[in-house]
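The chain contents come next:
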Amino acid sequence: MIRIAMIGLGGVVLALMFRQQKSEYALYISLGAAVLILILSVEKLGSVVETVRNIQSYIQLDSAMIKILLKMIGITYVSEFAAQICRDAGFGALGSQIEMFAKLSIMAVSVPVLLALIETVEGLMGA
């Protein structure tokens, strides 16, 4: 976490220094720092996936449901990253549109979970 914080703070300090002379460079520096942090974050994602698989082995969840959960998490993080970059660049409306599309994507991906829930409730009601 300290390494990520230092990358972020270093990017901000460099961007502030360049903002006064070459404002377009400030955006590129902050974007570079953000991409570097994203790459380092993706490395940590492997341990999260492994933990979810361990949980799956304990409680016998359907693997399709785990894949849907991981897709939803991925959509959330990628869209948040892209939307914040757009906002930092001064394109808040575009960032909002990315978030709206992400919400619709999560709804579309989660339809099988909703159907499984309805089937479960129907099975309990009929039993």
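Notes on the structure in this doc start here. (Residues numbered from 1 in each chain as written. Predicted model: local features only at pLDDT ≥ 70, side-chain atom pairs only at ≥ 80, totals over all residues. Heavy atoms only, no water.)

1. What to know about the overall build of the protein
For step 1, the next point in the chain: In terms of regular secondary structure, the protein is built from 5 helices and 0 strands.
For step 2, the next point in the chain: When the helices and strands of the protein are placed in sequence order, the string is α-α-α-α-α.
For step 3, the next point in the chain: With respect to the three principal axes, the spread of C-alpha positions in the protein is 70 × 30 × 15 Å.
For step 4, the next point in the chain: Looking at the protein as a whole, 14% of its 127 residues are labelled buried.
For step 5, the next point in the chain: Per element, the accessible surface of the protein, about 9600 Å² overall, is 70% carbon and sulfur. (Helix = DSSP H or I, 4+ residues; strand = E, 2+ residues; numbered from the N terminus. Buried < 20%, exposed > 50% of the residue type's maximum accessible area, 1.4 Å probe, protein only. Areas by Shrake-Rupley, 256 points an atom, 1.4 Å probe, with all protein chains shown as cover.)

2. Observations regarding helix α3 (residues 63–88)
For an α-helix, 3.6 residues make a turn, and residues three or four places apart therefore share a direction.
For step 1, the next point in the chain: Over its 26 residues, α3 extends 38 Å from the first C-alpha to the last, a length consistent with the 38 Å expected when each residue adds 1.5 Å.
For step 2, the next point in the chain: Among the residues of α3, those classed as buried are Ile66, Ile68, Ser79, Ala83 and Cys86.
For step 3, the next point in the chain: On the buried face of α3, the contacting elements are α2 (23–59), α4 (92–109) and α5 (111–126). (Expected span 1.5 Å × (residues − 1). Contact = heavy atoms within 4.5 Å.)

3. Points about the packing of helix α1 (residues 2–21) against α2
Angle between the axes and distance between the axes are the two parameters that describe a pair of packed helices.
For step 1, the next point in the chain: Put simply, α1 and α2 touch, their axes get as near as 7 Å, and they point 170° apart. With respect to α2, the element α1 is oriented roughly antiparallel. Packed against α1, whose contacting residues are Arg3, Ile4, Ile7, Gly8, Gly11, Leu14, Ala15, Phe18, Arg19 and Gln21, the element α2 presents Ser23, Tyr25, Ala26, Ile29, Ala33, Leu36, Ile37 and Leu40 at the interface. (Axes fitted to C-alpha atoms, helices over the stretch in contact; angles between N-to-C directions. Parallel < 35°, antiparallel > 145°, perpendicular 65-115°, else oblique.)

4. A closer look at a nonpolar patch on the surface
For step 1, the next point in the chain: A grouping of Val13, Leu14, Met17, Phe18, Tyr25, Leu27 and Tyr28 is seen on the molecular surface, where their side chains present a nonpolar patch of about 660 Å² in accessible area.
For step 2, the next point in the chain: Secondary structure elements with two or more residues in the nonpolar patch: α1 and α2.
For step 3, the next point in the chain: Top contributing element to the nonpolar patch by residue count: α1, with 4 residues. (Patch = residues over 30% accessible without salt bridge, like charges linked within 9 Å, V, L, I, M, F, W, Y side chains within 5 Å. Salt bridge = Lys/Arg side-chain N within 4 Å of Asp/Glu carboxyl O.)

5. Side note on the side chain of serine 79
For step 1, the next point in the chain: Mapping serine 79 onto the fold places it in helix α3.
For step 2, the next point in the chain: Of note is the side chain of serine 79, whose polar atom sits 2.8 Å from the backbone oxygen of isoleucine 75.
For step 3, the next point in the chain: Contacts of serine 79, omitting those with residues within four sequence positions, involve Ile98 and Ala102. (Polar contact = N/O pair within 3.5 Å; in protein donor to acceptor, adjacent residues only side chain to side chain.)

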